Amino acid sequence: QVQLVESGGGLVQPGESLRLSCASSRSLSSINIIHWYRRAPGKEREWVAQITRIIGTSYAASVKGRFTISRDNAKNTVYLQMNNLKPEDRAVYYCHLTIDGSWGQGTQVTVAS
């Protein structure tokens, strides 16, 4: 299974930004779809965004216009740029590959005044 390592989480105030990274142990050039999910305290895991090699990007309604997913195949890394963060964005964020079911360990994002 591919190893995925997320990083970049932290504590920010509402309106601020964070950029999450997901480093893959396998070349991303051969991987079509990569997802970001999140799990807020006491809630089910929620799909956030995906990026594909051909079609492009898709976002959950709750983050569209604020979050941007991108990939750097040369660095085997996927990013999630999160702008205008809100308290309801607080969650552990995970990247996920559907090709083999891999999940990373997650990175915590906390948005609080």
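Residues numbered from 1 in each chain as written. Predicted model: local features only at pLDDT ≥ 70, side-chain atom pairs only at ≥ 80, totals over all residues. Heavy atoms only, no water.

A. Just the side chain of Ser21, in detail. Note on placement: Ser21 falls in strand β3 (residues 18-24). Of the residues examined, Ser21 reaches a relative accessible area of 16% and is grouped as buried. Leave out the neighbours within four places in its chain, and Ser21 touches Val5, Glu6, Ser7, Trp36, Thr77, Val78 and Tyr79. (Helix = DSSP H or I, 4+ residues; strand = E, 2+ residues; numbered from the N terminus. Buried < 20%, exposed > 50% of the residue type's maximum accessible area, 1.4 Å probe, protein only. Contact = heavy atoms within 4.5 Å.)

B. Examining the nonpolar core more closely. One finds Trp36, Leu80, Met82 and Tyr93 to be the most contacted residues of the largest nonpolar core, which totals 29 residues. Elements with a minimum of two residues in this core: β3, β4 (34-39), β5 (45-51), β7 (67-72), β8 (77-82), β9 (91-97) and β11 (107-111). Top contributing element to this core by residue count: β9, with four residues. (Core = buried A, V, L, I, M, F, W, Y, C linked by side-chain atoms within 4.5 Å.)

C. Spatial organisation of the sheet that holds β3. Strand order in this open sheet of four strands is β1-β3-β8-β7, and the pairing throughout is antiparallel. Lying at the two open borders of the sheet, with one neighbouring strand each, are β1 (4-7) and β7. The sheet shows a mean angle of 15° between the axes of neighbouring strands, direction not considered. (Pairing = 2+ DSSP bridges. Axes fitted to C-alpha atoms, helices over the stretch in contact; angles between N-to-C directions.)

D. Seen up close, the pairing of β8. When you tally the buried positions in β8, you get five out of six residues, the bulk of the element. Note that β3 and β8 share six bridges and pair antiparallel. Paired with Arg19 across the bridge in β8 is Gln81. In terms of strand pairing, β7 meets β8 through six bridges, oriented antiparallel. What sits directly across from Ile69, in β8, is Leu80.

E. Spatial organisation of the pairing of β1. With burial as the criterion, only one face of β1 is covered, namely that bearing Leu4 and Glu6; the residues Val5 and Ser7 on the opposite face remain uncovered. Both β1 and β3 contribute to a ladder of four bridges, which runs antiparallel. Pairing of Val5 across the sheet is with Ala23, part of β3.

F. Structural detail: unusual backbone geometry. Of note in the backbone geometry, Asn76 takes a positive phi value of approximately 55° without being a glycine. Within the fold, Asn76 resides in the loop between β7 and β8. Its identity is not glycine, yet Asn84 carries a phi of approximately 50°, on the positive side. Tracing the chain through its elements places Asn84 in the loop between β8 and β9. You can call Asn84 partly exposed: its relative accessible area is 40%.

G. Structural detail: the environment of Gln1. Counting through the fold element by element, Gln1 comes out in the segment before β1. Taking the C-alpha atoms as reference points, Gln1 and Ser25, separated by 24 residues in sequence, lie 9.2 Å from one another. Here Gln1 is in contact with Asp100, Gly101 and Ser102, once residues within four sequence places are set aside. At 3.2 Å, the side chain of Gln1 forms a polar contact with the backbone oxygen of Asp100. (Polar contact = N/O pair within 3.5 Å; in protein donor to acceptor, adjacent residues only side chain to side chain.)

The values reported here are purely geometric and, on their own, carry no functional implication.
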